[in-house]
Amino acid sequence: MMRSINILSLIQAHETLDTSLFKNFLSCHGIKSAIKDYELDCVKSFMHALLNAYDDVSVLDNYYIGYSIPQIGKEFDLLRFGTDCIINIELKTESSLEKISRQQQRNRYYLSFLGKPLHIYTYVQKEDRLYKLMISNISISTLEVSFVELYNRLTSQDDYEPHCIDDMFDPSDYLVSPFNSTERFMSGEYFLTVQQENICNRADKILEELGARFISITGGAGTGKTLLTYHIAKNAMARGHKVLILHCAQLNKGQRILMDEYDWDIQMPRHVNNFTGYDIIIVDEAQRMYPIQFQQITDAVKSLGIKCIFSYDDLQYLSVAEKRYDIKGKIESELSCHHYRLTDKIRTNKEIAYFITQLFDKNRNIPGLKYPNVSLLYCRDYASAKKILNDLTAKGWSVPNYTPGTRSTFQYEKYCTDNTDCAHSVIGQEFDRVVSVLDACFHYGQDGKIYADNAYYSQRQMLYQIITRTRKKLCILIINNPLMMNRCIDILNR
């Protein structure tokens, strides 16, 4: 757990203690990454500049140094919390006004979710100058201010030390879905993580090269793959490229808004045969396309000399046939492709991610965790379950159904709600509160993995699709399955 630190204490410890003891001193304050000498030199210069304004060491206390928001990776040089406001100070050896302003506005975005007035400064060591983000009703600008101004702000702050700084930040606040927060996405009210930005920059360069090019973007549930893919598409369209997005699932409400209100070209693969006139083809949820569609798209990209991005998660298949097609293998073995993989989980909060991991594999047991955002319900029959599911829907929970059959009627349809969302339609979306159902079809195999006894659509994979849409709260409703009830209780009580 990170603790606040006194800047004077930090500098004198660095100048006096041996390397090993100083490292332990940092660790004691929850500062895990090593602070480089030039960074500490910048902190020292800032400290002297502040003390030159007023020789008052009280303004050097209660700073969080190098704090990084969990899962997002956004880092702040100095944070000081108060009951009345939050003060953020970034430290630079040298920088331009444009870069300073850009970072200050980004910091404002991340800190604004804490719901308190913000005062954001940047100290530039080489200039020995201080800049502040100025916000009015009509403009946002970065201007030079005096150290006296900062001193007055620090001394007037009613500072306090949070019990746990991580608890103040909810990673899901920073995730804007192109599908579920379409207006915010289109107005640019979001930022990418460092990993997403790096991939985006590389992809943008490749998209500007001459000739046919293939890019693959992969990542598990919660890694921000959809946001990154659609951000790249938005960037390309802003540069004047004609972009076609092929979505290998049912089109959702957010996509229809992008099509109707922002003139995006989004279609299902089976509706497109001619790719002439496009500069970039993006295949979203590519793991679900048919081999013949893969062949048609790749042949067109090569013959037309255009660009193609495959965005996929090979674990998110919904039928045995989709797994057998092995589109991932075809992309990786048959194409000269630039591969990028997202690894950082940013959507799902960790407790839900750990719960899902243990639910799907009985051999995975993670002790010492708490699950305040996971709840259990039990019903003995389908009729009772349907009543509860309809009630949860009325209370604002997202209750995606297992996908009903088009030619056959499946057993799980007996407790399907009137909700139109199903496993196939929620692909790529995310919801704050999700209900997932485990009926009597589910069991564990000899390998400890969860299975379901059905044929055409894989109920196991539909469960995975539904349950991984969760951002904040998960409710598991179990129907006549003591085995699954016992496993869920075992996870929650471990």
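Note that the structure is predicted; figures quoted are calculated from it, not measured.

### What to know about the overall build of the protein chain
Then comes step 1: Per the secondary structure count, the protein chain includes 16 helices and 17 strands.
Then comes step 2: Projected onto its principal axes, the C-alpha positions of the protein chain cover 80 × 55 × 45 Å.
Then comes step 3: Sequence separation of at least 24 residues holds for 72% of the intrachain contacts in the protein chain that already meet a minimum separation of 6.
Then comes step 4: Accessible surface, the protein chain: about 22,900 Å² in total, of which carbon and sulfur atoms supply 48%.
Then comes step 5: Put simply, the protein chain has 57 plus and 59 minus side-chain charges, and the middle of one group is 6 Å from the middle of the other.

### Topic: helix α1 (residues 7–16)
Then comes step 1: Within the sequence span of α1, burial applies to Ile 7, Leu 10, Ile 11 and Ala 13. The buried side chains of α1 occupy one side of the element, clustering within an arc of 165° when seen end-on.
Then comes step 2: Summarising the contacts, the buried residues of α1 are in contact with α2 (19–28), α3 (37–53), β1 (64–68) and β2 (75–81).
Then comes step 3: Put simply, Asn 6 is the residue that caps the front of α1, since its side-chain oxygen is 2.9 Å from the backbone nitrogen of Leu 8.

### Looking at the packing of helix α13 (residues 350–360) against helix α16 (residues 482–493)
Then comes step 1: With their axes 10 Å apart at the nearest point, α13 and α16 run at an angle of 140° to one another. As far as their axial angle goes, α16 and α13 are oblique. For the element pair α13 and α16, the recorded crossing hand is right-handed. For the pair α13 and α16, contact is made by Phe 355, Gln 358 and Leu 359 and by Arg 487, Cys 488, Ile 491 and Leu 492, respectively.
Then comes step 2: Of the residues in the contact of α13 with α16, the class split is five nonpolar, one polar and one charged.

### Focus: the packing of aromatic side chains
Then comes step 1: With the rule as written, the count across this model stands at 23 aromatic pairs.
Then comes step 2: Note on Tyr 64 and Phe 81: the rings are 5.6 Å apart at their centroids and 75° apart in plane angle, and the pair reads as edge-to-face. With Tyr 64 in strand β1 and Phe 81 in strand β2, the pair connects residues that are 17 residues apart, well separated along the chain.
Then comes step 3: In this structure, Lys 74 packs its charged tip against the face of Phe 76, placed 5.3 Å from the ring centre.
Then comes step 4: If you follow Lys 234 out to its NZ or CZ, it ends over the ring of Phe 185, 4.5 Å from the centre.

### Overview of empty space enclosed by the protein
Empty pockets left among the atoms are what a rolling probe the size of a water molecule brings to light.
Then comes step 1: The full count for this structure, using the stated rule, is three cavities of 30 Å³ or more.
Then comes step 2: Of the volumes computed, that of the second largest cavity is approximately 60 Å³.
Then comes step 3: Split by residue class, the lining of the second largest cavity holds eight nonpolar, two polar and no charged.

### Describing unusual backbone geometry
Then comes step 1: Not every positive phi belongs to a glycine, and Asp 263 is a case in point at roughly 65°.
Then comes step 2: With respect to the helices and strands, Asp 263 occurs in the loop between α9 (253–262) and β9 (266–267).

### A few points about the pattern of salt bridges
Then comes step 1: Scanning all chains against the criterion turns up 20 salt bridges.
Then comes step 2: In this structure, Arg 471 and Glu 430 form a salt bridge, with 3.3 Å as the shortest nitrogen-oxygen distance. Taken as a pair, Arg 471 in strand β17 (residues 470–479) and Glu 430 in the loop between α14 (382–394) and β14 (431–438) lie far apart in primary sequence, 41 residues in all. Grouping residues by exposure puts Arg 471 and Glu 430 together as buried.

### Side note on the sheet that holds β9
Then comes step 1: Taken in spatial order, the six strands line up as β9-β8-β10-β11-β7-β12 in an open sheet, and their pairing is parallel. On the outer flanks of this sheet lie β9 and β12 (337–342), each paired with one strand and no other.
Then comes step 2: The pairing of strand β8 (residues 243–247) with strand β10 (residues 280–284) spans five bridges and is classified as parallel. Residue pairing in the sheet places Leu 246 in a bridge with Val 283 of β10.
Then comes step 3: Along the sheet, helix α10 (residues 291–304) makes contact with β7 (213–219), β8, β10 and β11 (307–312), crossing β11 at roughly 150°.

### Comments concerning the environment of Ser 172
Then comes step 1: Summarising the element assignment, Ser 172 is placed in the loop between α5 (147–156) and α6 (182–186).
Then comes step 2: In this structure Ser 172 comes out as buried when scored by relative accessible area, which is 2%.
Then comes step 3: Along the primary structure Ser 172 and Glu 332 are separated by 160 residues, whereas in three dimensions their C-alpha atoms are 32 Å apart.

### Notes on the pairing of β2
Remember that side chains alternate between the two faces of the sheet whenever the strand is regular.
Then comes step 1: Most of β2 sits inside the fold, with five of its seven residues counted as buried.
Then comes step 2: Where β1 and β2 come together, four bridges link them in antiparallel fashion. Paired with Ser 68 across the bridge in β2 is Glu 75.
Then comes step 3: Taken together, β1 and the strand that follows it, β2, pair antiparallel across an intervening segment of six residues, in which Gln 71 is found at a positive phi of about 70°.
Then comes step 4: When β2 meets strand β3 (residues 86–92), the two strands line up antiparallel, connected through four bridges. Counterpart to Leu 78 in the pairing with β3 is Ile 89.

### What to know about the environment of Arg 471
Then comes step 1: Classification of Arg 471 by relative accessible area gives buried; the value is 12%.
Then comes step 2: One polar contact links Arg 471 to Asp 432, side chain to side chain, over a distance of 2.8 Å.

### Topic: α2
Each α-helix turn comprises 3.6 residues. Residues three or four places apart therefore point the same way.
Then comes step 1: Here α2 has its buried residues at Phe 22, Phe 25 and Leu 26. Along the long axis of α2, the arc covered by the buried residues comes to 95°, so they all point the same way. In α2, those exposed residues whose orientation departs by more than 90 degrees from the buried face are Lys 23 and Ser 27.
Then comes step 2: On its buried face, α2 sits against α1 and α3.
Then comes step 3: The N-capping residue of α2, defined by a side-chain oxygen 3.2 Å from the backbone nitrogen of Ser 20, is Asp 18.
Then comes step 4: Backbone geometry just downstream of α2 places Gly 30 in the positive-phi region, at approximately 75°.

Basis of the calculations
Residues numbered from 1 in each chain as written. Predicted model: local features only at pLDDT ≥ 70, side-chain atom pairs only at ≥ 80, totals over all residues. Heavy atoms only, no water. Helix = DSSP H or I, 4+ residues; strand = E, 2+ residues; numbered from the N terminus. Contact = heavy atoms within 4.5 Å. Areas by Shrake-Rupley, 256 points an atom, 1.4 Å probe, with all protein chains shown as cover. Lys, Arg positive; Asp, Glu negative; His and termini not counted. Charge placed at Lys NZ, Arg CZ, Asp CG, Glu CD. Buried < 20%, exposed > 50% of the residue type's maximum accessible area, 1.4 Å probe, protein only. Arc of directions from axis to C-beta. Polar contact = N/O pair within 3.5 Å; in protein donor to acceptor, adjacent residues only side chain to side chain. Axes fitted to C-alpha atoms, helices over the stretch in contact; angles between N-to-C directions. Parallel < 35°, antiparallel > 145°, perpendicular 65-115°, else oblique. Left-handed = near helix turned anticlockwise from the far one by under 90°. Nonpolar A, V, L, I, M, F, W, Y, C, P; charged D, E, K, R; others polar. Phe/Tyr/Trp six-rings, centres within 6.5 Å; stacked < 30°, edge-to-face > 60°. Lys NZ or Arg CZ within 6 Å of the ring centre and 35° of its normal. 1 Å grid on protein atoms, 1.4 Å probe; cavity = no way out; pocket = protein on both sides within 12 Å on 5 of 7 lines; lining within 4 Å. Points joined across faces, edges and corners; volume = space filled by probe spheres on them. Salt bridge = Lys/Arg side-chain N within 4 Å of Asp/Glu carboxyl O. Pairing = 2+ DSSP bridges.

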